[in-house]
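# Structure at a glance
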Amino acid sequence: MDKEGNGVSSWPQEMISESKRLPQPPSWHPYEWSYAAEGGKHAIFRYSGSDCNFSGHVLRFVKRDLVKISSSVGRRNDATSSASTCKVVEMMEETPSPSQTFQRNIMQPILGSYLDLARVVWLPASYCELLHDGAVASGSIPPSRLASWKIDSKERGEMDSICSDGVRATLLRDHTQLPPHPSLLPLTSTVVSVEIKPKAGYITASPLVLPIHRCKYNRTRYSIQQELVQKDHVHKGWRRAEGGRRNDRSEDSFVPSRYSPLDLFSGNVSQIRKAAYDLTRNMQNNFRVWCNGKQIFGEYESASDNECKDIINNIHPSECDVSDPKPTLLAVIVEAISTVLDRERMLSNVSSIQQLDVIDGDGAVKVYERLVFLCKGSHLEAQHLLDDAALITREDWALEQGNDNQKILRDSSPYSCPMCKSLDKLLDAIEHFQLYMRKCRQKGSSPDEDVMNASHEKCMELVDELPKEACVYLLQNWLLSLALCDVSFFVTFRTMNCGNDVPEEFQSCQHGGIASFSFQDEGLAPQNMVIHYELKIIDCDPKPASKLRERANVESKFQFATCH
């Protein structure tokens, strides 16, 4: 796998100029791209043609952009004409998108080889229409997601001309595939890929948490969300609908997961293994497995026993007959991903940014209200300030200010902390309360209610003294933490034919890593397994400041959760 810089895929020269169109139209034939997967916001199309420029890649769309533009154009089915105007846009030749700037300037210095930067692709409206229609006709879209592929009359009336000519998508590596190691031979061509959505790996200790939401002090946000889904206070888009409608299943039909993000982010291989096992037992939308590009496990997917036996025999050759192949295959997968996650620093890097959230969602609501007040009631001005600031590193800020005298940060934030006495007071009060909460947890004692109330009142008053730049700084970090709580990552691996003397390697910008582990399961002979792997983060986009407008409603659901 070739890369340039930290995690940027290298490309043939003819692909990296906006002024040059890609090879002949068949390379961009829309029927060579098929619907692969989707989340709440994005849809993924996988390339299945023979052009080496696109082999092993996927297209990632903002789903609403694709749906809107497909609904706004006429029936233009000239695939050749559409393909001829598709092009890859080189970032250096024009202003990059906010998402590109965020990933390059903010995320890549933190995540390094764990993040591949995408290429921006411009696709004309008629081409998007063909992709959209092909996805809908494929029957592969989950029933719970079908509504997001349609447009209502209100949205149709609000369409603007910006979306009339074409849309931008991103061209990414397909992480269900694994490029060969440059010097070692694989034992098998079978490639297993696991996608995990880890969620927030910390419990808040912010004094700005509202008194009626203090369940947040005792449980992870993920655990609380599980309870709220079970009680029908929160609805998740991935849950399968019946009859094309939202599935209003009864409370006891949803089984909360026992997975804890604290285990995954613990830095302890036993706890990481436990987290992985808990995910396999209740996958929901947090755990999916592919084999050679085909999904074999997920909330609504499960490979047959024969498929599992074939995969086991490929990645773990044995003369023993496997009596219970599904659990055995999942056990091999758990051991492989636990080994990789324990030895690489990716989770530690993600955790350091997640914990930049010192104000919690409740505090974010309060600080945002203060910022809007300082913007004379203008939500648009407040959001503009935040969206712009999200892309400016502390180094860029110092250059803009004409000096490099920066305040020493008390955290690992990539943003510049303003010189501000009211912000210092607030951060000191938050830090003091966090220390108190940490001591209570270490002792196993409950925090004193009077202490919590006093700290809350003091910090709420200090928020009302903050200037604009202090509000922006706090919300910058909260939005950044939110973005890292919403990423996914892939662990992709194949077994290698290396014996027991292979030197282990950490992942680098040039190729994936090499790791070994001992595996023994009922029905399988003990064996030392050597794997070639890659660990990659995806969905690493900035969170728009507009999310703050509805945040109070999101956080209000926590009043319905129990403390334990």
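Definitions and limits used
- Residues numbered from 1 in each chain as written.
- Predicted model: local features only at pLDDT ≥ 70, side-chain atom pairs only at ≥ 80, totals over all residues.
- Heavy atoms only, no water.
- Helix = DSSP H or I, 4+ residues; strand = E, 2+ residues; numbered from the N terminus.
- Buried < 20%, exposed > 50% of the residue type's maximum accessible area, 1.4 Å probe, protein only.
- Contact = heavy atoms within 4.5 Å.
- Areas by Shrake-Rupley, 256 points an atom, 1.4 Å probe, with all protein chains shown as cover.
- Expected span 1.5 Å × (residues − 1).
- Phe/Tyr/Trp six-rings, centres within 6.5 Å; stacked < 30°, edge-to-face > 60°.
- Pairing = 2+ DSSP bridges.
- Axes fitted to C-alpha atoms, helices over the stretch in contact; angles between N-to-C directions.
- Core = buried A, V, L, I, M, F, W, Y, C linked by side-chain atoms within 4.5 Å.
- pLDDT = per-residue confidence, 0-100.
- Disulfide = S-S within 2.5 Å.
- Salt bridge = Lys/Arg side-chain N within 4 Å of Asp/Glu carboxyl O.
- Nonpolar A, V, L, I, M, F, W, Y, C, P; charged D, E, K, R; others polar.
- Parallel < 35°, antiparallel > 145°, perpendicular 65-115°, else oblique.
- Left-handed = near helix turned anticlockwise from the far one by under 90°.

So, about the overall build of the chain. Counting its regular elements, the chain contains 18 helices and 15 strands. When each of the 564 residues of the chain is scored for burial, the buried share is 52%. The long-range share in the chain, meaning contacts at least 24 apart out of those at least 6 apart in sequence, stands at 75%. Accessible surface for the chain amounts to roughly 25800 Å². Of this, 48% is attributable to carbon and sulfur atoms.

For helix 8 (residues 269–281), which comprises 13 residues, the first-to-last C-alpha distance of 18 Å matches the rise-based estimate of 18 Å (1.5 Å per residue) to within 8%. Among the residues of helix 8, Ile272, Ala275, Ala276, Asp278, Leu279 and Thr280 are the ones counted as buried.

Moving on: the packing of aromatic side chains. Aromatic ring pairs are described here by two measures, namely the spacing of the ring centres and the angle between the planes. Overall, the coordinates contain 10 aromatic pairs when judged by the stated rule. Measuring from ring centre to ring centre gives 4.9 Å for Trp33 and Tyr47, while their planes differ by 55°; the resulting arrangement is tilted. Of the two residues, Trp33 sits in strand 3 (residues 33–38) while Tyr47 sits in strand 4 (residues 42–47), which places them 14 residues apart along the sequence. For the pair shown, Trp33 and Tyr47 are each scored as buried.

Moving on, we get to helix 17 (residues 468–485). End to end, helix 17 covers 26 Å across 18 residues, agreeing with the expected 26 Å (1.5 Å per residue, within 8%). For helix 17, the buried fraction is high: 16 of the 18 residues fall into the buried class.

Next up on the list: unusual backbone geometry. Residue Gln284 is not a glycine yet carries a positive backbone phi of 45°. As for its position among the elements, Gln284 is in the loop between helix 8 and strand 10 (287–291). When its relative accessible area of 3% is taken as the criterion, Gln284 is described as buried.

A few words on the sheet that holds strand 13 (residues 488–495). Judged by pairing direction, the sheet is antiparallel, and its 7 strands sit side by side in the order 12-11-10-9-13-15-14 without closing on themselves. On the outer flanks of this sheet lie strand 12 (301–302) and strand 14 (513–519), each paired with one strand and no other. Looking at chain direction, strand 13 and strand 15 (residues 527–538) are connected through 8 bridges and run antiparallel. Looking at strand 15, one finds that Phe493 is bridged to Tyr533. Where helix 9 (residues 305–315) meets the sheet, it contacts strand 9 (192–196), strand 10, strand 11 (294–298), strand 13 and strand 15, and its direction lies at approximately 110° from that of strand 11.

Looking along a regular strand, one sees side chains alternate from face to face of the sheet. By the criterion of burial, strand 7 (residues 119–124) is predominantly enclosed, with 5 of the 6 residues buried. Sheet analysis places strand 7 next to strand 8 (residues 166–173), joined by 6 bridges and oriented antiparallel. Looking at the pairing, Leu123 lines up with Val167 of strand 8.

A separate point is the nonpolar core. Within the largest apolar cluster, 98 residues are counted, with the highest numbers of intra-cluster contacts made by Leu264, Ile359 and Phe489. Top element by residues in this core is helix 17. It accounts for 12 residues. Setting aside residues up to four positions removed in sequence, Phe489 forms contacts with Val194, Glu195, Ile196, Pro198, Leu264, Leu341, Met346, Leu347, Leu535, Lys536 and Ile537. Counting residues in hydrophobic clusters, the runner-up holds 25 residues, among them Val67, Trp149, Ile151 and Leu171.

Across the chain, pLDDT averages 83, with 81% of residues at or above 70. Low pLDDT, under 50, characterises residues 1–26; the predicted model gives this stretch 76 contacts beyond four residues in sequence or across chains. For residues 402–409, every residue scores under 50 in pLDDT, and the model assigns this stretch 14 contacts once sequence neighbours within four places are set aside.

So, about the state of the cysteines. By the definition in use, this model includes 0 disulfides. This cysteine, Cys471, is not joined by any disulfide, and Cys375 carries the nearest cysteine sulfur, 8.6 Å off. By relative accessible area, which is 0% here, Cys471 ends up buried.

Another aspect to go through is the pairing of strand 8. The buried fraction of strand 8 is high, at 6 of 8 residues. In this structure, strand 5 (residues 57–62) lies alongside strand 8, joined through 4 bridges in antiparallel fashion. For Arg60, the partnering residue across the bridge sits in strand 8 and is Thr170.

Let us look at the pattern of salt bridges. By the definition in use, this model includes 26 salt bridges. Linking Lys216 and Asp360 is a salt bridge whose minimum nitrogen-to-oxygen distance equals 2.7 Å. Of the two residues, Lys216 is situated in the loop between strand 9 and helix 6 (221–230) and Asp360 in helix 12 (residues 360–374); the sequence distance between them amounts to 144 residues. Classification of Lys216 by relative accessible area gives buried; the value is 4%. Put simply, Lys216, Arg221, Asp360, Asp362, Arg551 and Glu555 are held in one network by salt bridges that share partners.

So, about the packing of helix 15 (residues 421–443) against helix 17. For the pair helix 15 and helix 17, interaxial distance at closest approach is 9 Å and the crossing angle is 35°. In this structure, helix 15 contributes Leu423, Leu426 and Leu427 to the contact, and helix 17 contributes Ala470, Tyr473 and Leu474. Taken together, the residues that form the contact of helix 15 with helix 17 break down as 6 nonpolar, no polar and no charged.

To continue, consider the environment of Asp174. With respect to the helices and strands, Asp174 occurs in the loop between strand 8 and strand 9. When the C-alpha atoms of Asp174 and Gly293 are compared, they prove to be 8.7 Å apart, with 119 residues separating the residues in sequence. For Asp174, the residues in contact, after removing those within four places along its chain, are Arg46, Gly56, His57 and Val58.

The subject of this paragraph is the packing of helix 12 against helix 13 (residues 379–389). Contact geometry of helix 12 with helix 13 gives a least axis separation of 8 Å together with a crossing angle of 115°. If you check the angle between helix 12 and helix 13, you find them roughly perpendicular. Both helix 12 and helix 13 take part in a crossing whose hand is right-handed. Along the contact surface, helix 12 presents Tyr368, Leu371 and Val372, while helix 13 presents His379, Ala382, Gln383, Leu385 and Leu386. In terms of residue class, the contact of helix 12 with helix 13 is built from 6 nonpolar, 2 polar and no charged.

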